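A look at the structure
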Amino acid sequence: MTHINIAALEIGQEIGSTEFLLTRDSLVRYAGASGDFNTIHYRDDIAAQVGLPGVLAHGMLTMGAAVQVAVDWVGNAGAIVDYQVRFTKPVVVHPVDGAVLVVTGKVGEIDAENKVVRIDLEAVFADTKVLGKAQARVQL
Amino acid sequence: MVNPNVQGKKYPATDPYLVGREKIREFAHAVKSTNAMNLDVFAAQAAGYTDVIAPPTFAVVIQERSLATVLADPEADIDFLRVVHGDQRFIHARPIVAGDELVSELEVASVKSLGAHSMVTFETKIYDVDKELVCTAISTLVVRGDE
(Lines give C-alpha, C1' and ligand atoms only; values in the text may rest on other atoms or scores of the structure.)
Protein backbone atom coordinates (compact mmCIF):
# COMPACT_ATOMS: atom_id res chain seq x y z
CA MET A 1 0.00 0.00 0.00
CA THR A 2 2.99 2.28 -0.01
CA HIS A 3 5.63 3.38 -2.45
CA ILE A 4 8.25 3.36 0.31
CA ASN A 5 10.69 0.47 0.40
CA ILE A 6 11.50 0.08 4.08
CA ALA A 7 14.57 -2.06 3.37
CA ALA A 8 16.15 0.80 1.45
CA LEU A 9 15.77 3.36 4.26
CA GLU A 10 18.72 4.49 6.33
CA ILE A 11 18.87 6.14 9.74
CA GLY A 12 19.49 9.84 9.33
CA GLN A 13 18.17 9.90 5.78
CA GLU A 14 16.25 13.09 4.98
CA ILE A 15 12.69 12.43 3.83
CA GLY A 16 11.67 15.98 3.02
CA SER A 17 11.73 19.62 4.01
CA THR A 18 8.97 22.22 3.79
CA GLU A 19 8.83 25.94 4.43
CA PHE A 20 5.59 27.13 6.03
CA LEU A 21 4.68 30.80 6.08
CA LEU A 22 2.61 31.45 9.19
CA THR A 23 0.84 34.81 8.93
CA ARG A 24 -1.70 36.45 11.21
CA ASP A 25 -4.30 35.11 8.79
CA SER A 26 -2.97 31.59 9.45
CA LEU A 27 -3.46 32.13 13.19
CA VAL A 28 -7.02 33.38 12.80
CA ARG A 29 -7.82 30.47 10.51
CA TYR A 30 -6.33 27.98 12.99
CA ALA A 31 -8.19 29.61 15.89
CA GLY A 32 -11.48 29.15 14.04
CA ALA A 33 -10.75 25.62 12.89
CA SER A 34 -9.53 24.38 16.28
CA GLY A 35 -11.69 26.45 18.61
CA ASP A 36 -8.61 27.80 20.43
CA PHE A 37 -9.45 31.49 20.74
CA ASN A 38 -6.79 32.39 23.28
CA THR A 39 -6.26 36.12 22.63
CA ILE A 40 -2.44 35.92 22.76
CA HIS A 41 -2.71 34.42 19.27
CA TYR A 42 -4.26 37.50 17.67
CA ARG A 43 -4.06 40.56 19.93
CA ASP A 44 -0.80 42.47 20.21
CA ASP A 45 -1.99 44.46 23.23
CA ILE A 46 -2.78 41.35 25.26
CA ALA A 47 0.42 39.58 24.18
CA ALA A 48 2.37 42.62 25.43
CA GLN A 49 0.32 42.78 28.64
CA VAL A 50 1.29 39.23 29.62
CA GLY A 51 4.94 39.87 28.81
CA LEU A 52 5.24 38.11 25.47
CA PRO A 53 7.55 39.38 22.69
CA GLY A 54 4.55 39.52 20.34
CA VAL A 55 1.58 37.54 19.07
CA LEU A 56 2.48 33.85 19.10
CA ALA A 57 1.47 31.04 16.80
CA HIS A 58 -0.57 28.33 18.51
CA GLY A 59 1.82 25.55 19.52
CA MET A 60 -0.73 23.15 18.07
CA LEU A 61 -0.54 24.96 14.71
CA THR A 62 3.24 24.48 14.64
CA MET A 63 2.74 20.83 15.65
CA GLY A 64 0.03 20.31 13.04
CA ALA A 65 2.00 21.89 10.21
CA ALA A 66 5.28 20.15 11.09
CA VAL A 67 3.82 16.65 10.76
CA GLN A 68 2.78 17.40 7.17
CA VAL A 69 6.38 16.69 6.14
CA ALA A 70 5.92 13.10 7.30
CA VAL A 71 2.38 12.95 5.85
CA ASP A 72 3.60 14.14 2.44
CA TRP A 73 6.38 11.54 2.49
CA VAL A 74 4.07 8.60 3.18
CA GLY A 75 1.11 10.08 1.25
CA ASN A 76 -1.50 9.25 3.87
CA ALA A 77 -2.37 11.24 7.00
CA GLY A 78 -3.83 8.04 8.47
CA ALA A 79 -0.40 6.40 8.53
CA ILE A 80 0.77 8.60 11.42
CA VAL A 81 0.05 6.25 14.33
CA ASP A 82 1.90 8.13 17.07
CA TYR A 83 3.03 11.74 17.09
CA GLN A 84 4.55 13.78 19.90
CA VAL A 85 6.30 17.10 20.40
CA ARG A 86 7.61 19.31 23.17
CA PHE A 87 6.99 23.02 22.82
CA THR A 88 10.37 24.53 23.60
CA LYS A 89 10.36 28.01 22.01
CA PRO A 90 7.59 30.37 20.91
CA VAL A 91 6.99 31.34 17.28
CA VAL A 92 6.45 35.10 17.18
CA VAL A 93 4.31 36.10 14.21
CA HIS A 94 5.04 39.56 12.80
CA PRO A 95 1.85 41.44 11.75
CA VAL A 96 3.17 42.15 8.25
CA ASP A 97 5.85 39.57 7.49
CA GLY A 98 4.47 36.63 9.48
CA ALA A 99 6.91 33.89 10.52
CA VAL A 100 8.71 31.36 8.38
CA LEU A 101 8.86 27.87 9.83
CA VAL A 102 11.21 25.40 8.15
CA VAL A 103 10.50 21.76 8.92
CA THR A 104 12.85 18.93 8.00
CA GLY A 105 12.16 15.24 8.53
CA LYS A 106 14.74 12.51 8.97
CA VAL A 107 14.52 8.79 9.55
CA GLY A 108 15.12 8.25 13.28
CA GLU A 109 14.33 4.59 13.77
CA ILE A 110 13.29 1.65 11.58
CA ASP A 111 11.17 -1.19 12.91
CA ALA A 112 11.20 -3.49 9.88
CA GLU A 113 9.24 -6.26 11.58
CA ASN A 114 6.20 -4.06 12.31
CA LYS A 115 6.82 -1.79 9.31
CA VAL A 116 6.95 1.31 11.48
CA VAL A 117 9.40 4.13 10.81
CA ARG A 118 10.05 6.94 13.28
CA ILE A 119 10.48 10.28 11.58
CA ASP A 120 12.28 12.93 13.62
CA LEU A 121 11.10 16.41 12.74
CA GLU A 122 13.12 19.56 13.16
CA ALA A 123 11.13 22.79 13.14
CA VAL A 124 13.19 25.97 12.89
CA PHE A 125 12.01 29.56 13.21
CA ALA A 126 14.51 32.45 13.12
CA ASP A 127 17.49 30.06 13.40
CA THR A 128 16.02 28.48 16.54
CA LYS A 129 14.51 25.05 17.02
CA VAL A 130 10.99 25.54 18.34
CA LEU A 131 10.00 21.91 18.92
CA GLY A 132 11.80 19.30 20.99
CA LYS A 133 11.52 15.53 20.63
CA ALA A 134 9.21 15.94 17.63
CA GLN A 135 8.68 12.35 16.56
CA ALA A 136 6.11 10.85 14.22
CA ARG A 137 5.72 7.10 13.97
CA VAL A 138 4.63 6.14 10.49
CA GLN A 139 2.97 2.81 9.72
CA LEU A 140 4.03 1.65 6.27
CA MET B 1 -0.49 26.00 42.53
CA VAL B 2 -2.45 23.13 41.07
CA ASN B 3 -4.09 20.94 43.69
CA PRO B 4 -1.87 17.79 43.86
CA ASN B 5 -4.83 15.79 45.14
CA VAL B 6 -6.43 15.76 41.68
CA GLN B 7 -3.76 13.34 40.48
CA GLY B 8 -5.66 10.24 39.42
CA LYS B 9 -8.96 12.09 39.19
CA LYS B 10 -11.15 10.94 36.31
CA TYR B 11 -13.64 13.19 34.60
CA PRO B 12 -16.91 11.91 33.10
CA ALA B 13 -17.17 11.33 29.36
CA THR B 14 -18.00 14.37 27.25
CA ASP B 15 -21.12 14.58 25.09
CA PRO B 16 -20.60 12.99 21.66
CA TYR B 17 -18.83 15.15 19.07
CA LEU B 18 -19.95 14.54 15.48
CA VAL B 19 -16.97 14.92 13.15
CA GLY B 20 -18.08 16.76 10.02
CA ARG B 21 -16.46 16.44 6.60
CA GLU B 22 -16.19 20.21 6.17
CA LYS B 23 -14.75 20.56 9.68
CA ILE B 24 -12.00 18.14 8.69
CA ARG B 25 -11.33 20.11 5.50
CA GLU B 26 -11.31 23.39 7.44
CA PHE B 27 -8.87 21.97 9.99
CA ALA B 28 -6.70 20.43 7.25
CA HIS B 29 -6.39 23.81 5.50
CA ALA B 30 -5.58 25.46 8.83
CA VAL B 31 -2.62 23.13 9.49
CA LYS B 32 -1.54 23.52 5.86
CA SER B 33 -2.27 19.95 4.85
CA THR B 34 -2.45 19.20 1.15
CA ASN B 35 -2.97 15.47 1.73
CA ALA B 36 -5.81 14.13 -0.43
CA MET B 37 -6.96 11.81 2.40
CA ASN B 38 -7.97 14.93 4.38
CA LEU B 39 -9.69 16.69 1.50
CA ASP B 40 -10.94 14.37 -1.21
CA VAL B 41 -13.66 11.83 -0.43
CA PHE B 42 -12.84 9.68 -3.47
CA ALA B 43 -9.13 9.55 -2.64
CA ALA B 44 -9.93 8.59 0.96
CA GLN B 45 -12.38 5.92 -0.18
CA ALA B 46 -9.87 4.55 -2.68
CA ALA B 47 -7.51 4.10 0.29
CA GLY B 48 -10.18 2.14 2.16
CA TYR B 49 -11.67 4.81 4.42
CA THR B 50 -15.40 5.52 4.47
CA ASP B 51 -14.88 9.29 4.13
CA VAL B 52 -12.13 11.90 4.49
CA ILE B 53 -9.87 11.34 7.49
CA ALA B 54 -8.67 14.00 9.90
CA PRO B 55 -5.09 15.27 10.13
CA PRO B 56 -3.07 13.59 12.96
CA THR B 57 -3.51 16.54 15.34
CA PHE B 58 -7.28 16.97 14.91
CA ALA B 59 -7.85 14.94 18.09
CA VAL B 60 -6.89 18.10 19.97
CA VAL B 61 -10.39 19.42 19.25
CA ILE B 62 -11.90 16.47 21.12
CA GLN B 63 -9.28 16.60 23.88
CA GLU B 64 -10.05 20.27 24.38
CA ARG B 65 -13.64 19.49 25.36
CA SER B 66 -12.43 17.33 28.24
CA LEU B 67 -9.75 19.82 29.17
CA ALA B 68 -12.34 22.59 29.42
CA THR B 69 -14.10 20.58 32.14
CA VAL B 70 -10.88 20.32 34.15
CA LEU B 71 -10.05 24.00 33.75
CA ALA B 72 -13.51 24.82 35.08
CA ASP B 73 -13.14 22.46 38.04
CA PRO B 74 -12.55 24.49 41.24
CA GLU B 75 -10.97 21.44 42.89
CA ALA B 76 -8.17 21.33 40.29
CA ASP B 77 -7.57 25.07 40.76
CA ILE B 78 -5.84 25.67 37.41
CA ASP B 79 -5.45 29.32 36.44
CA PHE B 80 -5.86 29.29 32.66
CA LEU B 81 -4.10 32.64 32.26
CA ARG B 82 -0.94 31.05 33.67
CA VAL B 83 -1.06 27.96 31.49
CA VAL B 84 1.60 27.15 28.89
CA HIS B 85 1.40 24.08 26.70
CA GLY B 86 4.44 21.92 27.52
CA ASP B 87 4.07 18.86 25.36
CA GLN B 88 1.51 16.91 23.40
CA ARG B 89 1.18 13.40 22.03
CA PHE B 90 -1.45 11.55 20.00
CA ILE B 91 -1.44 7.76 19.80
CA HIS B 92 -3.92 6.62 17.16
CA ALA B 93 -5.57 3.21 17.09
CA ARG B 94 -7.09 4.41 13.81
CA PRO B 95 -7.53 7.77 12.09
CA ILE B 96 -10.57 9.92 12.89
CA VAL B 97 -13.01 9.73 9.96
CA ALA B 98 -15.80 12.12 8.93
CA GLY B 99 -19.04 10.79 10.41
CA ASP B 100 -17.39 9.59 13.62
CA GLU B 101 -19.20 10.37 16.85
CA LEU B 102 -16.55 10.67 19.52
CA VAL B 103 -16.54 10.97 23.28
CA SER B 104 -13.52 11.59 25.46
CA GLU B 105 -12.64 10.58 28.99
CA LEU B 106 -9.88 12.42 30.79
CA GLU B 107 -7.73 11.34 33.71
CA VAL B 108 -5.23 13.54 35.49
CA ALA B 109 -2.17 11.33 35.06
CA SER B 110 0.18 13.37 37.23
CA VAL B 111 0.67 16.64 39.03
CA LYS B 112 4.27 17.63 39.70
CA SER B 113 5.74 20.78 41.11
CA LEU B 114 8.78 22.37 39.59
CA GLY B 115 9.80 25.16 41.92
CA ALA B 116 6.94 27.64 41.88
CA HIS B 117 5.46 26.03 38.78
CA SER B 118 3.21 23.01 38.40
CA MET B 119 3.27 20.46 35.61
CA VAL B 120 0.01 18.65 35.01
CA THR B 121 -0.25 15.72 32.62
CA PHE B 122 -3.64 14.68 31.26
CA GLU B 123 -4.46 11.47 29.50
CA THR B 124 -7.56 11.67 27.34
CA LYS B 125 -9.02 8.56 25.75
CA ILE B 126 -11.19 9.13 22.71
CA TYR B 127 -13.78 6.49 21.85
CA ASP B 128 -16.21 5.99 18.99
CA VAL B 129 -19.90 5.00 19.35
CA ASP B 130 -18.94 1.32 19.51
CA LYS B 131 -16.78 2.17 22.56
CA GLU B 132 -13.67 1.32 20.54
CA LEU B 133 -10.58 3.36 21.36
CA VAL B 134 -9.68 5.73 18.51
CA CYS B 135 -6.95 7.86 20.04
CA THR B 136 -5.12 8.49 23.29
CA ALA B 137 -4.13 12.13 23.67
CA ILE B 138 -1.51 13.00 26.28
CA SER B 139 -0.99 16.62 27.16
CA THR B 140 1.24 18.34 29.68
CA LEU B 141 0.46 21.87 30.78
CA VAL B 142 2.87 24.02 32.71
CA VAL B 143 1.10 26.32 35.16
CA ARG B 144 3.29 29.22 36.15
CA GLY B 145 3.37 30.03 39.86
CA ASP B 146 4.17 33.34 41.53
CA GLU B 147 7.75 34.29 40.68
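You'll find the structure just up there.
These notes cover the structure that comes with them. (Residues numbered from 1 in each chain as written. Chains lettered and ligands numbered in written order. Predicted model: local features only at pLDDT ≥ 70, side-chain atom pairs only at ≥ 80, totals over all residues. Heavy atoms only, no water.)

A word on the overall build of chain B
Check the secondary structure of chain B and you find four helices and six strands. Along its sequence from the N terminus, chain B presents helices and strands in the succession β-β-α-α-α-α-β-β-β-β. Principal-axis analysis of the C-alpha atoms gives chain B an extent of 55 × 30 × 20 Å. Of all intrachain contacts in chain B linking residues separated by at least 6 positions in sequence, the fraction that spans at least 24 positions is 68%. (Helix = DSSP H or I, 4+ residues; strand = E, 2+ residues; numbered from the N terminus. Contact = heavy atoms within 4.5 Å.)

With respect to a nonpolar patch on the surface
Judged by side-chain polarity, A:Val28, A:Phe37 and A:Tyr42 come together as a nonpolar surface patch covering roughly 300 Å² of accessible area. In this structure, A:Tyr42 sits in the loop between helix H1 (24–34) and helix H2 (44–49). (Patch = residues over 30% accessible without salt bridge, like charges linked within 9 Å, V, L, I, M, F, W, Y side chains within 5 Å. Areas by Shrake-Rupley, 256 points an atom, 1.4 Å probe, with all protein chains shown as cover. Salt bridge = Lys/Arg side-chain N within 4 Å of Asp/Glu carboxyl O.)

Remarks on the interface of chain A and chain B
Where interface size is given, it is often the accessible area lost as the parts come together that is meant. Taken together, the 32 residues of chain A in the interface contact 31 residues of chain B. A combined buried area of about 2500 Å² lies between chain A and chain B, and 58% of that area is made up of carbon and sulfur atoms. Its largest share of buried area at the contact with chain B, chain A owes to A:Ala33, A:Met60 and A:Phe87, together 19% of the area lost on that side. For the interface between chain A and chain B, the tally reads one salt bridge. Across the pair B:Arg89 and A:Asp82 runs a salt bridge whose closest N-O atoms are separated by 2.6 Å. Applying the counting rule to chain A against chain B returns 13 residue pairs in polar contact (both at pLDDT 80 or more). Residue assignment for the side of chain A that touches chain B shows that the elements contributing at least two residues are strand S1 (14–22), H1, helix H3 (59–66), helix H4 (68–74) and strand S2 (80–87) of chain A. (Buried area = accessible area lost by both parts, 1.4 Å probe. Polar contact = N/O pair within 3.5 Å; in protein donor to acceptor, adjacent residues only side chain to side chain.)

Overview of the pairing of strand S5 (residues 117–127) of chain B
Residues and elements named next belong to chain B. Here eleven bridges tie strand S4 (residues 101–114) to S5, and the two strands are oriented antiparallel to one another. Within S5, the position partnered with serine 113 by the bridge is serine 118. Linking S4 back to S5 in an antiparallel pair, the connection comprises two residues, with glycine 115 at a positive phi of about 65 degrees. Where S5 and strand S6 (residues 133–143) come together, ten bridges link them in antiparallel fashion. (Pairing = 2+ DSSP bridges.)

Re the environment of B:Val6
Residue and element names in this part refer to chain B. Within the fold, valine 6 resides in the segment before strand S1 (10–11). We classify valine 6 as buried; its relative accessible area is 2%. Along the backbone, valine 6 and serine 110 are 104 residues apart, and their C-alpha atoms lie at a distance of 8.3 Å. Residues contacting valine 6, with those up to four places away along its chain left out, are Glu75, Ala76, Val108 and Val111. (Buried < 20%, exposed > 50% of the residue type's maximum accessible area, 1.4 Å probe, protein only.)

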